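The primary structure of each chain is shown beneath.
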Amino acid sequence: MDGAPDPRQIENLLLRYEVEQFFNHEAELLDTRQFESWLDLLSEDIRYWMPLTRNQEFGKWDEQHTREGKDLNWFDEGKFELEQRVKQIMTGMHWAEEPISRTCHMISNLQVLNGGDGTIDTRCRFLVYRNRAETETDFFVGKRHDTLRRDADSFMIATRKIFLDQSVLLAKNLTIFF
């Protein structure tokens with residue numbers, strides 16, 4: 001029948017919607033400080049990595065971020081380290097989170113790609129707004145590359161690569177999660 005939607009297109013749209021809903025749920029957990037529930041979205045072997053961003057000459061696009069395993073990074077953590085960060089924040093005695101931060105995570109430009117081996121690769125842009133105390137306001141803007149694995153009825157985050165657009169971090173700390 002002419003004009004009938006391609007079943008693969010419908011499947012891709014449904015997958016994109018499912019991933020988008022997963023990321024919206026994750027953002028809500030982070031913005032409402034439900035960090036323990038957020039940890040449940042992470043696979044046991046997660047790699048949570050955020051390189052530094054460097055200013056580069058024209059044409060050296062591939063050199064604007066520090067290299068994995070060779071240079072300094074803002075984060076290069078697994079599940080254990082992320083759990084320890086959450087425990088520290090949740091003590092209520094974390095100096096950088098007293099008073100607590102108010103955050104808003106926004107995701108856009110979502111791309112859902114086939115990762116192979118039962119994984120799904122995604123790319124998106126993000127804006128994370130943070131406000132604390134009376135006058136501290138921070139904006140974190142960048143790109144995220146995530147690899148998701150299917151879970152029973154949702155996904156698990158297997159890898160998260162966070163690329164900030166800022167080469168100089170103006171925030172006083174990095175106690176938030178991306």
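Draft legend 1. Looking closely at the side chain of Glu97. Within the secondary structure, Glu97 is located in the loop between helix 3 (79-90) and strand 3 (102-116). One polar contact links Glu97 to Arg33, side chain to side chain, over a distance of 3.4 Å. In this view, Glu97 contacts Arg33, Ile89, Arg130, Arg132 and Thr175; residues no more than four positions away in its chain are not counted.

Draft legend 2. Seen up close, the pairing of strand 4 (residues 119-132). Among the 14 residues that make up strand 4, ten are buried, leaving the element largely enclosed by the rest of the structure. Note: strand 4 against strand 5 (residues 136-150), 14 bridges, orientation antiparallel. Each residue of the ladder has a partner; that of Arg130, found in strand 5, is Asp138. Connecting strand 4 to the antiparallel partner strand 5 that follows it, the hairpin turn spans three residues, and Ala133 within it adopts a positive phi of roughly 55°.

Draft legend 3. Region of the structure containing the state of the cysteines. The final tally for this structure, using the stated rule, is zero disulfides. Sulfur of Cys104: no disulfide; nearest cysteine sulfur belongs to Cys124 and is 14 Å away.

Draft legend 4. Quick peek at the packing of aromatic side chains. In this structure the tally under the stated criterion is ten aromatic pairs. Taking the centre distance of 6.0 Å and the plane angle of 85° together, the rings of Trp49 and Phe163 count as edge-to-face. You can see Trp49 sitting in strand 1 (residues 42-51) and its partner Phe163 sitting in strand 6 (residues 155-164), a full 114 residues away along the chain. Residue Trp49 shares its accessibility class with Phe163, and that shared class is buried. Seen in terms of ring centroids, Tyr129 and Phe139 are 5.3 Å apart; in terms of plane orientation they differ by 55°. Their pairing is tilted. Taken together, the residues span a long stretch of sequence, with Tyr129 in strand 4 and Phe139 in strand 5 at a distance of ten residues. For Tyr129, a relative accessible area of 27% translates into the label partly exposed. Counting every residue linked through ring pairs, the aromatic cluster contains Phe35, Trp38, Tyr48, Phe75 and Phe177. Over the ring of Phe23 we find Arg144; its NZ or CZ atom is 4.8 Å from the centre of that ring.

Calculation rules
Residues numbered from 1 in each chain as written. Predicted model: local features only at pLDDT ≥ 70, side-chain atom pairs only at ≥ 80, totals over all residues. Heavy atoms only, no water. Helix = DSSP H or I, 4+ residues; strand = E, 2+ residues; numbered from the N terminus. Polar contact = N/O pair within 3.5 Å; in protein donor to acceptor, adjacent residues only side chain to side chain. Contact = heavy atoms within 4.5 Å. Buried < 20%, exposed > 50% of the residue type's maximum accessible area, 1.4 Å probe, protein only. Pairing = 2+ DSSP bridges. Disulfide = S-S within 2.5 Å. Phe/Tyr/Trp six-rings, centres within 6.5 Å; stacked < 30°, edge-to-face > 60°. Lys NZ or Arg CZ within 6 Å of the ring centre and 35° of its normal.

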